[in-house]
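Residue strings, one per chain:
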Amino acid sequence: MRQRIRVAGIVQGVGFRPYVWRLARELDIRGWVRNGPDGVEIQAEGSSGQLANFLERLPKEAPEQAHVEKMVLADCPVEVPGEKEEFVILDSVAGKIHTQIGPDMAVCKDCLTELFDSRDRRYRYAFINCTQCGPRYTLTRSLPYDRSNTSMAAFPLCPDCHREYGAPADRRFHAEPTACSACGPRLEMRDAAGEPIACPDPVAEAVTRLRRGEILAVKGLGGFHLVCDARNPETVMRLRVRKAREEKPFALMLANGASLTGCAKLDEQEAVLLHSQTRPIVLLRKHPDCDARFPGVAPGLAWIGVMLPAQ
Ligand SMILES: [Zn+2]
Ligand SMILES: [Zn+2]
């Protein structure tokens, strides 16, 4: 039997095609998967038992960030035996777009591990990502979700990245924004006039300047973050003057959950929200020491907005 399956929902940019590919290979299903204007389109061929198994598991075991809203099934003619014996990922088809792109996602655990592993080729590479994390909405110019339709089109893959992109067992199999220090975008620092500041390590330079009380604008997912040292009342006040924001609270960005001690209290549900991959600002009840530690950040309020870094 051969069936056409149209899957609608958040199914592009979440590792859905590689997932379908792996599931089909595991169940010995032949056919293909591709991105299309309505979501993901699959043709699957196998025995009725294989297909039933495939259709049952397809929505259930989908990647965490995917959201299958609808699966529309139709029978289609079986391919000539011997042809297309495999399951493959086909090029996307364009058209009038009805599908949805997922949100930007904070760096995942696997990427964080690589980021801080000095033997890894993406050691300290700021734009690290994979099929389970990284920018989506921010860099997608049009759909279907392919590299050529994202702002990463300007960065052709190096041989190493290209190999990972084409390797089904790799976490970066069809990871459209994948990059490394050899082929991807790089960090740089600019002054207020937009002129590049020469520095060997922009991250170290940023930390030095923040400690010195400077205010930085960090370009990241979704736009710019204005960043300063929240423990420095003089800098926080300068930011208020520049933003013409007398009392309205700022949000605190913390390195991780452990930094919450003496800042805010957190129940289980709030912890889940805070750590979720969309990295929202979560309103938390202030700890009694909060205002003393972060003077002027959220003055006169019992609550404080807290977030974890996305990148
Ligand atoms: Zn990742
Ligand atoms: Zn590369």
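Criteria and cut-off values
Residues numbered from 1 in each chain as written. Chains lettered and ligands numbered in written order. Predicted model: local features only at pLDDT ≥ 70, side-chain atom pairs only at ≥ 80, totals over all residues. Heavy atoms only, no water. UniProt positions renumbered as here; feature names shortened; annotations may be inferred. Axes fitted to C-alpha atoms, helices over the stretch in contact; angles between N-to-C directions. Helix = DSSP H or I, 4+ residues; strand = E, 2+ residues; numbered from the N terminus. Parallel < 35°, antiparallel > 145°, perpendicular 65-115°, else oblique. Left-handed = near helix turned anticlockwise from the far one by under 90°. Contact = heavy atoms within 4.5 Å. Nonpolar A, V, L, I, M, F, W, Y, C, P; charged D, E, K, R; others polar. Patch = residues over 30% accessible without salt bridge, like charges linked within 9 Å, V, L, I, M, F, W, Y side chains within 5 Å. Areas by Shrake-Rupley, 256 points an atom, 1.4 Å probe, with all protein chains shown as cover. Salt bridge = Lys/Arg side-chain N within 4 Å of Asp/Glu carboxyl O. Phe/Tyr/Trp six-rings, centres within 6.5 Å; stacked < 30°, edge-to-face > 60°. Buried < 20%, exposed > 50% of the residue type's maximum accessible area, 1.4 Å probe, protein only. Donors = N, O, S within 2.8 Å, 3.2 Å for Na, K, Ca; no water. Tetrahedral: all angles 85-135°; square planar, octahedral: opposite > 155°, others 65-115°. Core = buried A, V, L, I, M, F, W, Y, C linked by side-chain atoms within 4.5 Å. Domains from an automatic or database assignment. Buried area = accessible area lost by both parts, 1.4 Å probe.

In the annotation of an unreviewed UniProt entry, the entry for the protein reads acylphosphatase, and the organism field reads Sulfuriferula plumbiphila. Reading the Catalytic activity (unreviewed entry) entry of the UniProt record for the protein gives the comment "an acyl phosphate + H2O = a carboxylate + phosphate + H(+)".

(A) The packing of helix α1 (residues 16-26) against helix α2 (residues 48-60), seen in detail. Between α1 and α2, whose axes approach to 11 Å, the crossing angle comes to 150 degrees. If you check the angle between α1 and α2, you find them roughly antiparallel. At the point where α1 passes α2, the crossing takes the right-handed sense. Two secondary-structure elements touch here, α1 through Tyr19, Val20, Leu23, Ala24 and Glu26 and α2 through Phe54, Arg57 and Leu58. For the contact of α1 with α2, the residue count by class is six nonpolar, no polar and two charged.

(B) Highlighting the environment of leucine 239. Tracing the chain through its elements places leucine 239 in helix α6 (residues 233-243). Sequence separation between leucine 239 and valine 78 is 161 residues, and the spatial gap between their C-alpha atoms is 66 Å.

(C) Spatial organisation of a nonpolar patch on the surface. Side chains of Phe127, Leu187, Val203 and Val207 sit close together on the surface and give an oily, nonpolar patch of about 280 Å² of accessible area. Within the fold, phenylalanine 127 resides in the loop between α3 (109-115) and α4 (159-166).

(D) Spotlight on the packing of aromatic side chains. Inspection of every chain in the model, using the stated rule, returns three aromatic pairs. With centroids separated by 5.5 Å and ring planes inclined at 70 degrees, the aromatic side chains of tryptophan 21 and phenylalanine 173 adopt a geometry described as edge-to-face. Of this pair, tryptophan 21 sits in helix α1 while phenylalanine 173 sits in the loop between α4 and β7 (189-190), and the two are 152 residues apart along the sequence.

(E) Geometry of unusual backbone geometry. At aspartate 28, a residue that is not glycine, the phi angle is positive and equals roughly 65 degrees. Relative to the helices and strands, aspartate 28 resides in the loop between α1 and β2 (30-36). For aspartate 28, a relative accessible area of 54% corresponds to the exposed category. Despite not being glycine, arginine 124 has its phi angle at roughly 60 degrees, a positive value. For arginine 124, the position within the fold is in the loop between α3 and α4.

(F) Main features of the coordination of the zinc ion (ligand 2). The zinc ion (ligand 2) binds to the protein through Cys158 (SG), Cys161 (SG), Cys180 (SG) and Cys183 (SG); the donor distances cover 2.3 Å. Geometry at the zinc ion (ligand 2) is tetrahedral, judged from the four donor atoms that bind it and their angles of 102 to 117 degrees at the metal.

(G) Up close: the nonpolar core. Counting 26 residues, the largest nonpolar core has Phe16, Val20, Ile42, Phe54 and Leu58 as the members making the most contacts within it. Those elements giving two or more residues to this core turn out to be β1 (2-12), α1, β3 (39-45), α2 and β5 (87-89). It is α1 that contributes the most residues to this core, six residues altogether. The residues contacting phenylalanine 54, other than those within four sequence positions of it, are Ile5, Val20, Leu23, Ala24, Leu27, Ile29, Ile42 and Ala44.

(H) Here's a closer look at the pattern of salt bridges. Going through the model one piece at a time under the given rule, you end up with 26 salt bridges. The partner of lysine 60 in a salt bridge is glutamate 56, and the shortest N-O contact between them spans 2.9 Å. Here lysine 60 and its partner glutamate 56 are both found in helix α2, four residues apart, which amounts to about one turn of the helix. Among the residues examined, glutamate 56 registers a relative accessible area of 47% and is labelled partly exposed. The shortest N-O distance in the salt bridge between arginine 119 and aspartate 117 comes to 3.1 Å. Under the relative-accessibility criterion, aspartate 117 is labelled partly exposed at 21%. A single salt-bridge network, built from bridges that share partners, covers Asp110, Glu114, Arg171 and Arg172.

(I) Examining the coordination of the zinc ion (ligand 1) more closely. Donor atoms from the polypeptide that coordinate the zinc ion (ligand 1) comprise Cys108 (SG), Cys111 (SG), Cys130 (SG) and Cys133 (SG), at 2.3 to 2.4 Å from the metal. Here the donor residues of the zinc ion (ligand 1) are spaced in sequence according to C-x2-C-x18-C-x2-C. Assigned by exposure class, cysteine 108 and cysteine 111 land together as buried.

(J) Representation of the environment of leucine 284 in the model. Among the secondary structure elements, leucine 284 is positioned in strand β13 (residues 282-286). Residues in contact with leucine 284, not counting those within four places in the same chain, are Leu260, Ala264, Lys265, Leu266, Glu270, Ala302, Trp303, Ile304 and Val306.

(K) Region of the structure containing the domain arrangement of the protein. If you check the domain split of the protein, you get domain 1 (2-88), domain 2 (101-186) and domain 3 (189-307). Put simply, the middle of domain 1 and the middle of domain 2, counted by C-alpha atoms, are 24 Å apart. With 12 residues of domain 1 in contact, the opposing surface of domain 2 contributes 15 residues. Around 1,100 Å² of area is buried between domain 1 and domain 2 when both sides are counted, 59% of it from carbon and sulfur atoms. On the domain 1 side of the contact with domain 2, Gln12, Gly13 and Arg17 bury the most area, a combined 38% of that side's loss. Inspection of the domain 1/domain 2 interface yields two salt bridges. When the shortest N-O distance is used, the salt bridge between arginine 17 and aspartate 146 registers 3.6 Å. When residues of the side of domain 1 that touches domain 2 are traced back to their parent elements, those giving at least two are β1 and α1. The element that contributes the greatest number of residues to the side of domain 1 that touches domain 2 is α1, accounting for four residues. Per-class residue counts for the side of domain 1 that touches domain 2 are five nonpolar, five polar and two charged.

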